[in-house]
Amino acid sequence: MADTIAETVDLLYTIDQEHLTPDQQIALGAAMATLAQAERLEQINERLRGIHQVLNTWALKATVDGGR
């Protein structure tokens, strides 16, 4: 997903905003806001993956330690 976000950022910043109609400017602003939200969600998702790995490690250790 991160590659898609980066590609979208590149695409959005290549748009010549001076030649957009007001409706297109509004749509571009909405697209940029949505993109910022997607980037934030991706950051949250990465943190959750890290937490998930830690919890899995703890659960595995508890299982191994409990079997001794």
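Because the structure is a prediction, the values reported are computed rather than measured. (Residues numbered from 1 in each chain as written. Predicted model: local features only at pLDDT ≥ 70, side-chain atom pairs only at ≥ 80, totals over all residues. Heavy atoms only, no water.)

A. Main features of the overall build of the protein chain. In terms of regular secondary structure, the protein chain is built from two helices and zero strands. If you line up the protein chain on its principal axes, its C-alpha atoms span 70 × 15 × 10 Å. Relative to its 68 residues, the protein chain shows a buried fraction of 12%. Here the protein chain displays about 5700 Å² of accessible surface, and carbon together with sulfur accounts for 60% of that area. (Helix = DSSP H or I, 4+ residues; strand = E, 2+ residues; numbered from the N terminus. Buried < 20%, exposed > 50% of the residue type's maximum accessible area, 1.4 Å probe, protein only. Areas by Shrake-Rupley, 256 points an atom, 1.4 Å probe, with all protein chains shown as cover.)

B. Looking closely at the nonpolar core. Ile5, Val9, Leu12, Leu20, Leu28, Leu35 and Ala38 together form the largest nonpolar core, which totals seven residues. Within the residue set of this core, elements represented by two or more residues are helix 1 (2–13) and helix 2 (22–66). If we ignore the near neighbours within four places in the chain, the residues touching leucine 12 are Leu28, Ala31, Met32 and Leu35. (Core = buried A, V, L, I, M, F, W, Y, C linked by side-chain atoms within 4.5 Å. Contact = heavy atoms within 4.5 Å.)

C. Summary view of the pattern of salt bridges. Following the criterion strictly, the structure yields three salt bridges and no others. Two residues, glutamate 46 and arginine 49, come together in a salt bridge whose shortest N-O distance is 2.3 Å. You can see glutamate 46 and its partner arginine 49 sitting in helix 2, three residues apart, about one turn around the helix. The exposure class of arginine 49 is partly exposed, given its relative accessible area of 38%. Taking the shortest distance from any N to any O, the salt bridge between lysine 61 and aspartate 65 comes out at 2.8 Å. Here lysine 61 pairs with aspartate 65, and both are found in helix 2, just four residues apart, close to one helical turn. (Salt bridge = Lys/Arg side-chain N within 4 Å of Asp/Glu carboxyl O.)

D. Layout of helix 2. Over its 45 residues, helix 2 runs 65 Å from end to end, which matches the ideal 66 Å to within 8%, given 1.5 Å per residue. Every buried residue belonging to helix 2 is among Leu28, Leu35, Ala38 and Glu42, and all of these are buried. (Expected span 1.5 Å × (residues − 1).)

E. Representation of the environment of methionine 32. Within the secondary structure layout, methionine 32 lies in helix 2. Linking methionine 32 and threonine 63, residues 31 residues apart in sequence, is a C-alpha distance of 46 Å. Sequence-distant contacts of methionine 32, that is, excluding residues within four places in its chain, are made with Leu12, Tyr13 and Gln17.

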